[in-house]
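Residue strings, one per chain:
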Amino acid sequence: MRFVMFSKHLQEWPLSRSARVVKAMGFHGLDLTVRGGGYVLPEQVRRDLPEAVKTCADAGLALPMITTNITAVDKEHSADVITTAAECGIHELKFGYHTYGKFGEFRAAVEQCRADLAGAAKVAAECKVRLNLHIHSGNFVTANATTVANLLADHDPAVVGAYIDPGHMYNEGGLDVWRQGLELLGERANLMAVKSMGYFFLPDEARNGTWVNKMVPLPRGMVDWVQVWRCLTQVGFDGVVSLHAEYQGGHSWRDLSVEELVDQTREDLAYLLACREKAGAE
């Protein structure tokens, strides 16, 4: 099992600095953003991804996975991203998102995702890399593990897999749907995102208010990581674990600086590993 840090919220630093800091925190590697606004832009992937691999290697970090915005192989240099990742020895890719619009359009959105995934999977199979569908709560086709399992059924596990995310799975099904989802996808899961959310009540002048969910440090969130690790042990998960330190902007409980975010991530990693140890000890 390899532990990596998601690079999104480190991007105001040069990659060389981020890599050194991530290594010092005790991670095995980096989950590199290869998408619009990422460390590597899709239109420059052939030039910049090999250099990014070298930069990380110089810091002692691996790049076992990348986060992409690929939704169809004929869009946004997607074929270049897949082939260059393969050439760089990166086997696991996060697939991009298809969204769900108006009520009554969900089936069509699923079928569009199915068709686009099939096209991208052909290129992935030729390159011997794997595309992974990420569980993401909200208006995403992949918000529900049952839908993801249905999409995966069309494909060779060596070519298309699951990117489980207990934080988002708790967000959509905090009572038990998260556990059902882990069981459904466990054998196809190659990647796991680590984050947790909490709900906050925001009052307004009329005293009605609304509940919103925000990212919080792992010990304060909804996810029971001890129980998650027990489930993962039972299904034999041994993939890449990506810590998502999404503690910036309005979707976070606090808007942290990069330095504060690094400190919080260090605490999150220690907590996650302690939960894993506890799960194995009981």
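About the thresholds
Residues numbered from 1 in each chain as written. Predicted model: local features only at pLDDT ≥ 70, side-chain atom pairs only at ≥ 80, totals over all residues. Heavy atoms only, no water. Salt bridge = Lys/Arg side-chain N within 4 Å of Asp/Glu carboxyl O. Pairing = 2+ DSSP bridges. Helix = DSSP H or I, 4+ residues; strand = E, 2+ residues; numbered from the N terminus. Axes fitted to C-alpha atoms, helices over the stretch in contact; angles between N-to-C directions. Contact = heavy atoms within 4.5 Å. Buried < 20%, exposed > 50% of the residue type's maximum accessible area, 1.4 Å probe, protein only. Polar contact = N/O pair within 3.5 Å; in protein donor to acceptor, adjacent residues only side chain to side chain. 1 Å grid on protein atoms, 1.4 Å probe; cavity = no way out; pocket = protein on both sides within 12 Å on 5 of 7 lines; lining within 4 Å. Points joined across faces, edges and corners; volume = space filled by probe spheres on them. Nonpolar A, V, L, I, M, F, W, Y, C, P; charged D, E, K, R; others polar. Patch = residues over 30% accessible without salt bridge, like charges linked within 9 Å, V, L, I, M, F, W, Y side chains within 5 Å. Areas by Shrake-Rupley, 256 points an atom, 1.4 Å probe, with all protein chains shown as cover. Parallel < 35°, antiparallel > 145°, perpendicular 65-115°, else oblique. Left-handed = near helix turned anticlockwise from the far one by under 90°.

1. Notes on the pattern of salt bridges
Scanning all chains against the criterion turns up 14 salt bridges. With a shortest N-O distance of 2.7 Å, D176 and R179 are connected by a salt bridge. Here the salt bridges share partners, and the residues they tie into one network are R46, D80 and E87.

2. Concerning the sheet that holds strand β5 (residues 130–134)
Picture the strands of a sheet paired through backbone hydrogen bonds; they go either parallel or antiparallel. On the basis of which strands lie adjacent, the closed barrel formed by eight strands has the order β1-β2-β3-β4-β5-β6-β7-β10 and parallel pairing. Sheet twist, expressed as the mean angle between neighbouring strand axes with direction ignored, is 30°. Pairing between strand β7 (residues 189–194) and strand β10 (residues 240–243): four bridges, direction parallel. Within β10, the position partnered with M192 by the bridge is V241. Packed on one face of the sheet, helix α2 (residues 45–58) meets β2 (29–34) and β3 (62–68) and runs near 165° to β2. Along the sheet, helix α8 (residues 225–235) makes contact with β1 (2–6), β6 (160–164), β7 and β10, crossing β7 at roughly 175°.

3. Points about α8
Turning to α8, its buried residues number three or more, namely W225, V226, V228, W229, C231 and L232. Residue D224 occupies the N-cap position of α8, its side-chain oxygen lying 3.2 Å from the main-chain nitrogen of V226. One or two residues past the end of α8 sits G236, with phi positive at roughly 80°.

4. Some thoughts on empty space enclosed by the protein
Under the definition given, this model contains one cavity of 30 Å³ or more. Empty space within the largest cavity amounts to approximately 30 Å³. As for the largest cavity, its lining consists of V194, K195, L218, L243, H244, A245, Y247, T265 and D268. Residues that form the lining of the largest cavity fall into these classes: five nonpolar, two polar and two charged.

5. Some remarks on a nonpolar patch on the surface
A cluster of nonpolar side chains, Y199, F201, W211 and M222, forms an exposed patch at the surface whose accessible area comes to about 430 Å². Looking at the element boundaries, F201 is found in strand β8 (residues 197–202).

6. Observations regarding helix α6 (residues 166–173)
With seven of eight residues buried, α6 is to be regarded as a mostly interior element. Listed as buried for α6 are P166, G167, H168, M169, Y170, N171 and G173.

7. Looking at the environment of E51
Along the chain, the position of E51 falls in helix α2. E51 sits in the partly exposed class, given a relative accessible area of 47%. In sequence terms E51 and Q264 are 213 residues apart; their C-alpha atoms lie 29 Å from each other.

8. Some thoughts on the packing of α6 against helix α7 (residues 177–185)
Contact pair α6 / α7: the axes reach a minimum separation of 8 Å and the direction vectors enclose 130°. The angle between α6 and α7 places the two elements in the oblique class. On α7, the residues that touch M169, Y170 and G173 of α6 are V177, W178, G181 and L182. The residue inventory of the contact of α6 with α7, partitioned by class, reads five nonpolar, two polar and no charged.

9. A few points about the layout of surface pockets
If you add up the space inside the largest pocket, you get close to 230 Å³. Lining the largest pocket are 16 residues, with K8, H136, H168, M215 and E246 positioned closest to its centre. For the lining of the largest pocket, the element with the most residues is strand β9 (residues 210–215), which contributes three residues. Lining the second largest pocket we find 16 residues, and of these F140, A143, N144, A145 and E172 sit closest to its centre. Tallying contributions element by element places α6 first for the lining of the second largest pocket, with three residues. Among the residues forming the lining of the second largest pocket, the class breakdown is nine nonpolar, six polar and one charged.

10. Overview of the pairing of β5
Buried residues dominate β5, accounting for five of its five residues. Of the two faces of β5, the one holding R130, N132 and H134 and the one holding L131 and L133 are both buried throughout. In the sheet, strand β4 (residues 92–94) pairs with β5 via three bridges, with the strands oriented parallel. If you follow K94 over to β5, its bridge partner there is N132.

11. Some words on the packing of α7 against α8
Two elements in contact, α7 and α8, have axes whose closest approach is 10 Å; the angle formed by their N-to-C orientations is 20°. In this view, α7 runs roughly parallel relative to α8, as classed from their interaxial angle. Note that α7 runs across α8; the crossing there is right-handed. Residues W178, R179 and L182 of α7 form the contact with α8, whose participating residues are Q227, V228, C231, L232 and V235. Tallied by class, residues from the contact of α7 with α8 come to six nonpolar, one polar and one charged.

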